[in-house]
Structure formats: structure tokens, C-alpha cells
Amino acid sequence: MARVTEYLAERGGLSVSTLRSNLFMLSGDDAVWHLMRVAGGLDSLVVGEGLILSQVRQCHIHSIEEDGCGGKVLSRLLNTAVAAGRRVRCETAISRGSVSISSAAVELSEVLSWPDLNLPFSEARLAVVGAGKMTRLLITHLESHGLERIAIVNRSLERPAELAEQFPDVDIEIKLMDDLWDVVGRSDIVFMATSSTDYVIDELLLEENGLAGGRPLMLVDISVPRNVGEDCKNIPNVAAYNVDDLKAVVAKNTAMRQREMIEAEILLREEAEQFVGWRESLSAIPTINRLQERADFYRQEELKKCTRKLAQNDALSDSEMEAVERLSRGIVNKLLHGPMSHLRKTESVEGKQAAVKELNSMFRLEESAAENGRARNGRGAANGRRR
């Protein structure tokens, strides 16, 4: 953790003390659970949003690259988190429903297109006034709903041209504000997203441009302050919606996602427990190795005694000695099979720890490890004296 802190401080040009006071640090099972919640979208500012999952996936991909530094445990953790995030999105409704103003604008216009326009959303002619960040987000959501064509009206051509480059699969018609009423007149749904502090469209302007009392028109205002006057609702053929209407959609969907969090946490707990169980199983590997080493040590010791006694009589042939060797190995392997299978199959962390402790005590494996260490040190010292 100290090395990571130093790296971040160096990268950010900050002192370690300054950075440390702003860090949120977790370790062990707390870190595992936090990553699961992040990948599942539960710790996001917008509950259930999917961008963070793709970022976790990129971390996993980098961790297993040749120059990556994830290691066995961290790479497995990231992979588990990605799988957990996908489960949450597939098995719950936590990512359904719009929870941002731009996505809510698309959802609301899609739902109300038929009631307000007598027209399915897929056939509606769309336009957006403004070419800022909100317009970019709006087109992103519209494209995911099958958008193929849209008109953008803006004061200059530069930003709409940039959007046309960002969305090559969408046919974007670019118009200046001088053509506003021409575009509004041939559109079914108009999204308003300008930075203007005054109304761009109101009842009087609609009447002056011959759009009052004609065919149905939907105005969806996502601007703050508002671009569409409240008096537009007085015109029978106009359905006007503003940010307050969109906030109601967002609140409803956010509440639905909050309810889904309970089910999502159950799924994430399952994935976290499986990872922790796997991680704890790694602690059994040294015990298994020591058990095998101790058993093989006794096997070889007894085999030497046996062969010395047999050598006093008639010597055994090579094939007979090989048979005795195989017999001794087979007996040892069968005796160890039960304890090692029990150790591997124990699923709970507490059960795994208890099994390791029991085997260490039963076969005195800690003593064995100490004896082996002393033996190696003794042989090393003897070799040193001979040199």
C-alpha cells in the first residue's frame, strides 16, 4: 500500500502526506467487498450505471498482460468482480430505467410519442437545438435506441460538425439559428439544450411562425434555465415537457434501482464469498506440501531400512526394487488422499482454517518444517567447513 501511495503521489505531483489525507484505503475482505459493489454499480453516483464495469474490466485485462503486475490473487479478484458486475446487470433490473436528465428525455419522448403525436417513436422526425455537452449525451442515448437521423440547430457550425464526427453512424443535418423555425416546422420532437437565459420558443413565437393549431409537436426542454415557455402548453397541438417532468422520471427509476440493490447485494455476496474461499484455499497449499514431504520422508526412511535387511540375504533385482518402491508410494498416497481431499473440499473460510490447524497438529507439520530447516542449515554448515 505504501508503494501505491508513493506512485500516486509522484504521478499527481503531490506530497505523500497531502495525498494520504485524501485517500480511501481498504484491505482484506473489506477491499474485496468494495470492489464487488463498485463493479456492480452500487457505489456509483448513478446507481447501476455501467461505465465503471468497463473500467474494472480494463484493469483486469492490464493485470494479466505480459507487463502487468496484477499477480495471481489480484487478477483473480478483478476477473471475479467483472463476472459479478455482469451477473448483477443480467439478473436484476438495476441498470434499467433512465437516471440522468438526457436519458430521461429519451425515455419520456419514446413513451409519450404515440399518445402525444399518434406516431411511434421510431418514425418521429427529431431535432435538437444546441450543440453542447447535453446534446452529445442526448445523441448517445438516442443512438442506443436506434437513432439514424437528427437535425442540429446551433449558433455556429463548429460544435455540430464535431458531433457529426463523433457519431459517424448518425445522419446529422446541421442548421444555423436562422433556420430554427423551418427545422421546428418539419420536426415531430424537438429537444431544447441551449445555454440561452431567455425563452427560445414560447406561445407567441409559435403563433407568429404558424405552428399553433397545426400538426402535433412535442417540445422536450432539458435546459437550465428553461428554453421553452410554460405558455406553450396552452396550444392544443403542442406537448411541452421540462426538467421538472424529467426529474420525476429520474426519481421513479432511481427508487426502482434502490429496490434492486438488495437483490444485487445478495448476488455480490455470493461472488465475494467464492473468491474469499478460493483465496483461503491457497493457504492450504503449504500444509499439503508439508504433509506430502513428511510422508515421503518417512516412506524413504522405512524403505532404506527394508532394503538394507533384504540386502543381507539375496539382493533384489532392479525390477523387484521398483515394485517395492511403487508399493510404498501407493500406500502413502492412499493414506494421504483422505486428509488432502478434506482440506481441498472444505468451502467455508472458518472450516478451511480449522482443517489446516487440525492437520498441522495431527501430523506435527510445524515441527517437521522446523526440523527440515535445521537439517538444511546443518548440511550447509558442513559443506562450508569442507570447503
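It should be noted that the structure appears before, not after, this text.
As a convention, each chain's residues are numbered from 1 in the sequence order in which they are written. Only residues with pLDDT of at least 70 are given local features in this predicted model, and only at 80 or more are side-chain atom pairs given and counted; all residues enter the totals for whole chains, interfaces and linings. The basis for every side-chain value is the complete set of non-hydrogen atoms in the structure, without hydrogens or water.

### Describing the sheet that holds strand β6 (residues 238-241)
Alright, step 1. Two strands pair if DSSP finds at least two bridges between them. To qualify as a helix, a DSSP run of H or I must reach at least 4 residues; to qualify as a strand, a run of E must reach at least 2; elements of each kind are numbered from the N terminus. Judged by pairing direction, the sheet is parallel, and its six strands sit side by side in the order β3-β2-β1-β4-β5-β6 without closing on themselves. The sheet is open, and its two borders are formed by β3 (171-176) and β6, each paired with just one other strand. Across the sheet, the mean angle from the axis of one strand to that of its neighbour is 20°, orientation sign disregarded.
Alright, step 2. Pairing between strand β1 (residues 126-129) and strand β4 (residues 189-192): four bridges, direction parallel. By the bridge assignment, valine 128 is partnered in β4 with phenylalanine 191. Simply put, an axis is a line fit to the C-alpha atoms, just over the touching stretch for a helix, and the angle between two N-to-C directions goes from 0 to 180 degrees.

### Digging into the pattern of salt bridges
Alright, step 1. Salt bridge, as used here: a side-chain nitrogen of Lys or Arg that lies within 4 Å of a carboxyl oxygen of Asp or Glu. Counted under the stated rule, the structure contains 21 salt bridges.
Alright, step 2. Here lysine 233 makes a salt bridge to glutamate 230, at a shortest N to O gap of 3.2 Å.
Alright, step 3. We call a residue buried when its accessible area falls under 20% of the maximum for its residue type, exposed when it is over 50%, and partly exposed in between, using a 1.4 Å probe and counting protein chains only. Judged by relative accessible area, which is 40%, lysine 233 ranks as partly exposed.
Alright, step 4. With a closest N to O distance of 3.2 Å, arginine 329 and glutamate 325 form a salt bridge. Highlighted residues: arginine 329 and glutamate 325, both in helix α13 (residues 318-345), separated by four residues, approximately one helical turn.
Alright, step 5. Given a relative accessible area of 41%, arginine 329 falls into the partly exposed group.
Alright, step 6. Take glutamate 325: its relative accessible area is 25%, and that puts it in the partly exposed class.
Alright, step 7. By sharing partners, the salt bridges in this structure join Arg87, Glu91, Glu270 and Glu271 into a single network.

### As for the nonpolar core
Alright, step 1. The biggest cluster of nonpolar side chains holds 32 residues, and the ones touching the most others in it are Leu126, Leu142, Ile150, Ile189, Phe191 and Val220.
Alright, step 2. Taken together, the elements giving at least two residues each to this core come down to α6 (101-117), β1, α7 (133-144), β2 (149-154), β4, β5 (217-221), β6 and α11 (243-281).
Alright, step 3. Per element, the largest residue contribution to this core is five residues, and it comes from α6.
Alright, step 4. We call a set of buried Ala, Val, Leu, Ile, Met, Phe, Trp, Tyr and Cys residues a nonpolar core when their side-chain atoms join them within 4.5 Å. With 23 residues, the next largest nonpolar core counts Leu42, Leu53, Ala81 and Val88 among its residues.

### A short note on helix α5 (residues 71-91)
Each turn of an α-helix holds 3.6 residues, which means side chains three or four residues apart point in the same direction.
Alright, step 1. Relative to the 30 Å expected for 21 residues at 1.5 Å per residue, α5 spans 30 Å between its end C-alpha atoms, a close match to the ideal helical length.
Alright, step 2. For α5, the set of buried residues is Ser75, Leu77, Leu78, Thr80, Ala81, Val82, Ala84, Gly85, Val88 and Arg89.
Alright, step 3. On its buried face, α5 sits against α3 (28-39), α4 (51-63) and α11. One fewer than the residue count of a helix, multiplied by 1.5 Å, yields its expected span. Should any heavy atoms of two residues lie within 4.5 Å, those residues are counted as being in contact.

### Digging into the packing of α6 against α11
Relative placement of two packed helices is described by the angle separating their axes and the distance separating the axes.
Alright, step 1. Following both chains from N to C, one finds α6 and α11 inclined at 95°, their axes separated by 9 Å at the closest point. Considering the angle they form, α6 stands roughly perpendicular to α11. Here Ile101, Ala104, Ala105, Glu107 and Leu108 of α6 lie close against α11, whose contacting residues are Val243, Asp245, Leu246, Lys247, Val249, Val250, Lys252 and Asn253.
Alright, step 2. Three categories are distinguished: nonpolar for Ala, Val, Leu, Ile, Met, Phe, Trp, Tyr, Cys and Pro, charged for Asp, Glu, Lys and Arg, and polar for the others, with Gly belonging to the last. Broken down by class, the residue content of the contact of α6 with α11 amounts to eight nonpolar, one polar and four charged. Any angle that falls under 35 degrees is termed roughly parallel, while one over 145 is termed roughly antiparallel, one within 65 to 115 roughly perpendicular, and all others oblique.

### Description of the packing of aromatic side chains
Alright, step 1. For this analysis, a ring pair means two rings from Phe, Tyr or Trp (six-membered ring only for Trp) whose centres lie within 6.5 Å, classed as stacked if their planes differ by under 30 degrees, edge-to-face if by over 60, and tilted for the remaining angles. The tally for this structure, following the rule as stated, stands at two aromatic pairs.
Alright, step 2. Ring centres of phenylalanine 275 and tryptophan 278 lie 5.9 Å apart, and the angle between their planes is 35°; this geometry places the pair in the tilted category. Pair noted here: phenylalanine 275 and tryptophan 278 are both in helix α11, with a separation of three residues, about one helical turn.
Alright, step 3. Classification of phenylalanine 275 by relative accessible area gives buried; the value is 3%.

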